[in-house]
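# Summary of structural features
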Amino acid sequence: MDRPELDDYFMEIAKVVASRSTCLRRKAGAVLVKDKRILSTGYNGVPKGLPHCEDTGCPRAEYPSGTHHELCRAVHSEQNAIVQAAIHGVSIEGATLYCTLQPCIICTKMLINAGIKRVVFCEDYPDDGLLNFFKQAGIPVEKIK
């Protein structure tokens, strides 16, 4: 029997979650897992009830990726996974985050404060400084395919 390793399994789920993204620039998905159980998922997109960027246009379209976060209408996938867990009263302390895109600095700080114990991602984000935050917090970060 050819079973995927757990990291590959949960990353594939994160990729499926990303397919729900409403972002025009990049689709991202996140899955929070503890004890081999999915606690929460999230994808990037505008806050609920607001028009999608496909209807309004992307205010960051002319800026390079990783810059001008304050202009972005979307909530990042990691943030949405944290919010969904909070809404449903699920503790994510000690969980592993599987995300299709390396977290940005804002998400990194949130993940550290949320007590995430490990981060696994598959695509780089154009911000090298954030990996030092994870290192200082003692949180291992691993890139997989």
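Before any of the text, the structure's been laid out above.
Scoring rules and cut-offs
- Residues numbered from 1 in each chain as written.
- Predicted model: local features only at pLDDT ≥ 70, side-chain atom pairs only at ≥ 80, totals over all residues.
- Heavy atoms only, no water.
- Helix = DSSP H or I, 4+ residues; strand = E, 2+ residues; numbered from the N terminus.
- Rg over C-alpha atoms; globule rule 2.2 N^0.38 Å.
- Buried < 20%, exposed > 50% of the residue type's maximum accessible area, 1.4 Å probe, protein only.
- Contact = heavy atoms within 4.5 Å.
- Areas by Shrake-Rupley, 256 points an atom, 1.4 Å probe, with all protein chains shown as cover.
- Lys, Arg positive; Asp, Glu negative; His and termini not counted.
- Charge placed at Lys NZ, Arg CZ, Asp CG, Glu CD.
- Arc of directions from axis to C-beta.

As a further point, take the overall build of the chain. Within the chain, the regular secondary structure consists of 5 helices and 5 strands. Across the chain, helices and strands are ordered from the amino to the carboxyl terminus as α-β-β-α-α-β-α-β-α-β. The C-alpha radius of gyration computed for the chain amounts to 15 Å, which stays within 12% of the reference 15 Å derived for 145 residues, consistent with globular compactness. When the backbone C-alpha atoms are referred to their principal axes, the chain occupies close to 45 × 35 × 30 Å. Burial statistics for the chain: of 145 residues in total, 41% are counted as buried. Pairs at least 24 apart in sequence give 54% of the contacts found in the chain among residues at least 6 apart. Working note: accessible area of the chain is about 8300 Å², and carbon and sulfur atoms make up 52% of it. Taken as two groups, the 18 positive and 17 negative side-chain charges of the chain have centres that lie 3 Å from each other.

It is worth spelling out helix α4 (residues 105-114) at this point. Regarding α4, the residues found buried are Cys107, Thr108, Leu111 and Ala114. Viewed along the axis of α4, the buried residues span an arc of 130°, placing them on a single side of the element. Elements in contact with the buried residues of α4: α3 (77-87), β3 (96-99) and α5 (130-136). Following α4 by one or two positions, Gly115 adopts a phi angle in the positive range, close to 85°.

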